[in-house]
Amino acid sequence: VRYRLEFRESVRDYLRGLPLSRAGRVRLNAALIEGAAEVPDWFRTDPANRPGPTSPYYYFFRIFEDGGRFWTLFVVIDDSTAAYGVLRIVYADCH
Amino acid sequence: VVSEAVANDRFGEAIRLGVGIVHEFRESVARMCREFDDDLAKGVEARSFVRTYGQLLRDTDELLVQLGRLLEEIAGAEGTAAESFVTEMRLLEEDTGAFRVRLAEALSLASQPPVPVDWDRLKEESDADFAAGRFTTFETPEDMLKGLAGRD
C-alpha cells in the first residue's frame, strides 16, 4: 500500500461496532484502501475534497450496498504527514 | 405504428416484431440493473456515482413516461392477438419502475451533503488523542480487515 494508516481509537471502535455483514466489512475495508491507503494525489489535493485550502484534512464519501440496503461512508483523513507515508483517519460516519 | 398494429389483430408480424423489441428493452434494463448492483456491491465514490447514474435516472423517467402513454393507447388490446405485446410492455414497465425506485434511493443518498463537521473541534480532539497515544495502526490490509471486524 502507498500509505500506512493510523486510526484514532474512537474511529476504529466506531467502525468495529457497525452492524455490517462480513461482505459489508470487506467493502468498508476496500473503501479505506481506495480512499486512504492507496489514494492518488489528485484526489487528496482536489479542493473539492478538502474543507479549506489550509486544512490538514481531506475527506471521501462513498456509497455501497450491504444486507439489502444502501450505506454511505464519510471519512476524514489528516494528510499532514503524507510526505512520510502516513495518513491518519480522524473521523468516520457510516449509516 | 405499434398501436395501429395492436388495434388490428391482422398485423401479426408487426406485433411479433414489437414483442421482440420490447423484450430487448427488458434485457437492456436487466443489464443496467446488474451493472448498478455490481457497482454498489464494490462501493463507489459518491460524486462519481451521481455523475454516472444521474443521467440514467432522467432517461429512466422519460422511458416510463413514454411507456405509460403507449400502454394507455393499447389499453383495449387485452384478449386480442396483441395480448403478448401488452404483457411484455407491462413487464417492461414493472422492471423499469422497480429499477427506478432503487436508482432514485441510491442517488438521493449519494447526493446528500456529508454530516457537518466542526473542523476546529475535530483538530483539537484529534491532536489530543494523538498526544495521548490513542491512535492505532495495522501492518497490512488483511490486518486492517481483522482489526476493524465487528463482533460478528
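Look up: the structure comes first, before these words.
Report follows, based on the coordinates. As the structure is a prediction and not an experimental result, all values here were calculated from the model.

Taken residue by residue, the interface counts 41 residues in chain B and 42 residues in chain A. Summing both partners gives a buried area of about 3,900 Å² for chain B against chain A, and 63% of it is carried by carbon and sulfur. It is Trp119, Leu145 and Leu148 of chain B that lose the most area in chain B upon contact with chain A, and together they represent 16% of the buried surface on that side. Counting across the interface, chain B meets chain A through one salt bridge. Between Asp129 of chain B and Arg8 of chain A there is a salt bridge, with the nearest N and O atoms lying 2.8 Å from each other. The interface formed by chain B and chain A contains 15 residue pairs in polar contact (both at pLDDT 80 or more). Contributions of two or more residues to the side of chain B that touches chain A are made by helix 2 (12–42), strand 1 (44–45), helix 3 (46–73), helix 4 (83–111), helix 5 (119–131), strand 2 (135–137) and helix 6 (141–147) of chain B. In terms of residue count, helix 5 of chain B provides more of the side of chain B that touches chain A than any other element does, seven residues in total.

This paragraph deals with the packing of helix 3 of chain B against helix 4 of chain B. Residues and elements named next belong to chain B. Helix 4 packs onto helix 3 with a crossing angle of 150° between their chain directions and a minimal axis gap of 9 Å. On the basis of the axis angle, helix 3 is roughly antiparallel to helix 4. Here the hand of the crossing between helix 3 and helix 4 comes out left-handed. Across the contact of helix 3 with helix 4, the residue classes break down as 20 nonpolar, six polar and four charged.

This paragraph deals with the nonpolar core. Counting 41 residues, the largest nonpolar core has Ile63 of chain A together with Phe36, Phe49 and Leu103 of chain B as the members making the most contacts within it. Broken down by secondary-structure element, the contributors of at least two residues to this core are strand 2 (57–66) and strand 3 (69–78) of chain A together with helix 2, helix 3 and helix 4 of chain B. Tallying contributions element by element places helix 4 of chain B first for this core, with eleven residues. Not counting residues up to four positions away in its chain, the partners in contact with Phe36 of chain B are Phe70 of chain A together with Phe49, Tyr53, Phe99, Arg102, Leu103 and Ala106 of chain B. Ranked by size, the runner-up nonpolar core spans 29 residues in total, among them Phe7, Val39 and Trp71 of chain A together with Met144 of chain B.

This part takes up the sheet that holds strand 2 of chain B. Within a sheet, each strand pairs with its neighbour through backbone hydrogen bonds, oriented either parallel or antiparallel. Taken together, the six strands give an open sheet; going across it, the order is 1(B)-2(A)-3(A)-4(A)-1(A)-2(B), and neighbouring strands pair in mixed fashion. Because the sheet does not close on itself, it has two edges, and the strands there are strand 1 and strand 2 of chain B. Relative to strand 4 (residues 86–94) of chain A, strand 3 of chain A runs antiparallel, the two sharing six bridges. Bridge pairing in strand 4 of chain A places Phe74 of chain A opposite Asp93 of chain A.

Scoring rules and cut-offs
- Once a new chain begins, its residue numbering starts again from 1 and follows that chain's sequence as written.
- Following the order in which they are written, the chains are lettered starting with A and the ligands numbered starting with 1.
- Local features in this predicted model are restricted to residues whose pLDDT is 70 or higher, and side-chain atom pairs enter the listing and the counts only when it is 80 or higher, whereas totals over whole chains, interfaces and linings include all residues.
- Excluding hydrogens and water, the side-chain figures rest on all heavy atoms present in the structure.
- Contacts are assigned to residue pairs with any non-hydrogen atoms lying within 4.5 Å of each other.
- Buried area: the sum, over both parts, of the accessible surface (1.4 Å probe) that disappears when the two are put together.
- Only one rule defines a salt bridge in this text: a Lys or Arg side-chain nitrogen within 4 Å of an Asp or Glu carboxyl oxygen.
- Pairs of N or O atoms within 3.5 Å make up the polar contacts considered here, provided that, within protein, one atom can donate a hydrogen while the other can accept it, and that residues adjacent in sequence are counted only when both atoms are side-chain atoms.
- Helical segments are the DSSP runs of H or I of at least four residues, strand segments are the runs of E of at least two, and each set is numbered from the N terminus.
- Here the axes come from fitting lines to C-alpha atoms, over the contacting stretch only for helices, and the angles between their N-to-C directions go from 0 to 180 degrees.
- Should an angle fall under 35 degrees it is taken as roughly parallel, and over 145 as roughly antiparallel, whereas 65 to 115 is taken as roughly perpendicular and any remaining angle as oblique.
- By definition, any crossing whose near helix is turned counterclockwise from its far helix by less than a right angle is left-handed, and any crossing with a clockwise turn is right-handed.
- Residue classes follow a fixed rule: Ala, Val, Leu, Ile, Met, Phe, Trp, Tyr, Cys and Pro count as nonpolar, while Asp, Glu, Lys and Arg count as charged, and any other residue, Gly among them, counts as polar.
- Each nonpolar core is a collection of buried residues, namely Ala, Val, Leu, Ile, Met, Phe, Trp, Tyr and Cys, held together in the definition by side-chain atoms within 4.5 Å.
- Classification of residues uses two cut-offs on accessible area relative to the type maximum, computed with a 1.4 Å probe and protein chains only: under 20% is buried, over 50% is exposed, and between them is partly exposed.
- Only strands that DSSP links by at least two bridges are regarded as paired with each other.

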